[in-house]
Amino acid sequence: MIVATAGHVDHGKTSLVRALTGIAGDRLPQEQQRGMTIEPGFAHADLGAGPIDFVDLPGHERFVRHMLAGIGAGDAALLVVAADDGPMPQTREHLAVLDLLGLGHGIVVLTKIDRVPPERIEQVRREVAELLADTTLAGAAILPISATHGDGLDTLRAALLGLQRTVPSRAAGAHARLALDRSFVRPGAGLSVAGTLLSGRVTVDDELVAL
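A quick note: this is a predicted structure, and the numbers were derived from the prediction, not measured.

Asks: Tell me about helix 4 (residues 89-100), residues and numbers included.
Replies: With 12 residues, helix 4 should reach 16 Å at 1.5 Å per residue; the first-to-last C-alpha distance of 17 Å fits that figure. Taken as a whole, helix 4 has its buried residues at Gln 90, Thr 91, His 94, Leu 95, Val 97 and Leu 98. Mapping the buried residues of helix 4 onto a view down its axis gives an arc of 155 degrees, with all of them on the same face. The outward face of helix 4, more than 90 degrees from its buried face, is lined by the exposed residues Pro 89 and Leu 100. Following helix 4 by one or two positions, Gly 102 adopts a phi angle in the positive range, close to 70 degrees.

Right, dumping it as structure tokens:
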């Protein structure tokens, strides 16, 4: 199962993925210096029922094209909303993208709950539920989490396992189709690509066509 993050900038998507997997998705020096995701990042974990791959997507409005490049490969979404800010412009924009893509498998995570009182968490939960009401994610679980202190992470892992059991498997026997996030030329190696395998299998010595 491939899970893509969505949500406003600085709402804790990368920190959440790191807390779940132990892998930091932000690899670029600019991302690490600014504390902001620019390119899609990748992480993985086995929570007990086989691998779950995470695509950590940028939340800044300037990088919405980068978000779109990665979201189409997702089987499910983690819509992340900070409990202190509540729903923000890119929360709504990314939710609209998920809805247009018909992505109906997902979990909403309320992050940074250690920064606010319980009544604020409940207020944001209600606001998010109202936003989801007319979308493909209507009725999705809304889970309060603190990636910093670990509160709620076990509940989130259990929810991801439940999601993994309901998401249809990819067609391993079909033609190999790789959605490209990046393509570049490396000296001595030639054309190199990075992306998500949508169907089929790719093995060493296979010949692929870049379109």
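On we go.
Asks: Give a description of the sheet that holds strand 3 (residues 51-56) that names residues and reports values.
Replies: Taking strand neighbours across the sheet as the criterion, the six strands line up as 2-3-1-4-5-6 in an open arrangement whose pairing is mixed. On the outer flanks of this sheet lie strand 2 (41-46) and strand 6 (142-144), each paired with one strand and no other. With direction set aside, neighbouring strand axes in the sheet form an average angle of 25 degrees. Across six bridges, the pairing between strand 2 and strand 3 is antiparallel. Within strand 3, the residue paired with Phe 42 across the bridge is Val 55. Against the sheet, helix 1 (residues 13-21) makes contact with strand 1 (2-6), strand 2, strand 3, strand 4 (76-82) and strand 5 (106-111), and its axis sits at roughly 160 degrees relative to strand 3, the strand it touches most.

Asks: I'd love a proper account of the pairing of strand 1, names of residues and values included.
Replies: Counting buried residues along strand 1, five of its five residues qualify, which places the element largely inside the surrounding structure. Neither face of strand 1 is open: one carries Ile 2, Ala 4 and Ala 6, the other Val 3 and Thr 5, and all of them are buried. Pairing of strand 1 with strand 3, which is carried by three bridges, proceeds in the parallel orientation. Considered in strand 3, the bridge of Val 3 is made with Phe 54. Strand direction decides the pairing type here: strand 1 and strand 4, joined by four bridges, are parallel. Within strand 4, the position partnered with Val 3 by the bridge is Ala 76.

Asks: Before we move on, can you summarise the environment of Lys 112 with the specific residues and values?
Replies: Its place among the elements puts Lys 112 in the loop between strand 5 and helix 5 (118-132). The spacing of Lys 112 and Val 81 is 31 residues in sequence and 8.8 Å in space, taken between C-alpha atoms. Discounting residues that sit within four places of it in the chain, Lys 112 has contacts with Asp 10, His 11, Gly 12, Ala 82, Ala 83, Asp 84 and Ile 145. Here Asp 10 takes part through its backbone oxygen, which lies 2.6 Å from a polar atom of the side chain of Lys 112.

Asks: Help me get a handle on the environment of Ile 23, residues and values and all.
Replies: In this fold, Ile 23 is placed in the loop between helix 1 and helix 2 (29-34). Once the C-alpha coordinates of Ile 23 and Ala 43 are considered, the two residues, 20 residues apart in sequence, prove to be 5.7 Å apart. Contacts of Ile 23, omitting those with residues within four sequence positions, involve Val 17, Arg 18, Phe 42, Ala 43 and His 44.

Asks: I'd love a proper account of a nonpolar patch on the surface, names of residues and values included.
Replies: On the surface, a cluster of nonpolar side chains totalling about 430 Å² of accessible area is made up of Leu 178, Leu 180, Val 185, Leu 191 and Val 193. Going through the elements one at a time, strand 7 (177-186) and strand 8 (190-199) are the ones with two or more residues in the nonpolar patch. Broken down by element, the residue count for the nonpolar patch peaks at three residues, all from strand 7. Relative to the assigned elements, Leu 191 resides in strand 8.

Asks: So what about the side chain of Thr 111? Which residues, and what values?
Replies: Mapped onto the elements of the fold, Thr 111 is located in strand 5. Not counting residues up to four positions away in its chain, the partners in contact with Thr 111 are His 11, Val 80, Val 81, Ala 82, Ala 83 and Ile 145.

Criteria and thresholds
- Residues numbered from 1 in each chain as written.
- Predicted model: local features only at pLDDT ≥ 70, side-chain atom pairs only at ≥ 80, totals over all residues.
- Heavy atoms only, no water.
- Helix = DSSP H or I, 4+ residues; strand = E, 2+ residues; numbered from the N terminus.
- Expected span 1.5 Å × (residues − 1).
- Buried < 20%, exposed > 50% of the residue type's maximum accessible area, 1.4 Å probe, protein only.
- Arc of directions from axis to C-beta.
- Pairing = 2+ DSSP bridges.
- Axes fitted to C-alpha atoms, helices over the stretch in contact; angles between N-to-C directions.
- Contact = heavy atoms within 4.5 Å.
- Polar contact = N/O pair within 3.5 Å; in protein donor to acceptor, adjacent residues only side chain to side chain.
- Patch = residues over 30% accessible without salt bridge, like charges linked within 9 Å, V, L, I, M, F, W, Y side chains within 5 Å.
- Areas by Shrake-Rupley, 256 points an atom, 1.4 Å probe, with all protein chains shown as cover.
- Salt bridge = Lys/Arg side-chain N within 4 Å of Asp/Glu carboxyl O.

Interpretation in functional terms is not warranted from these geometric data alone.
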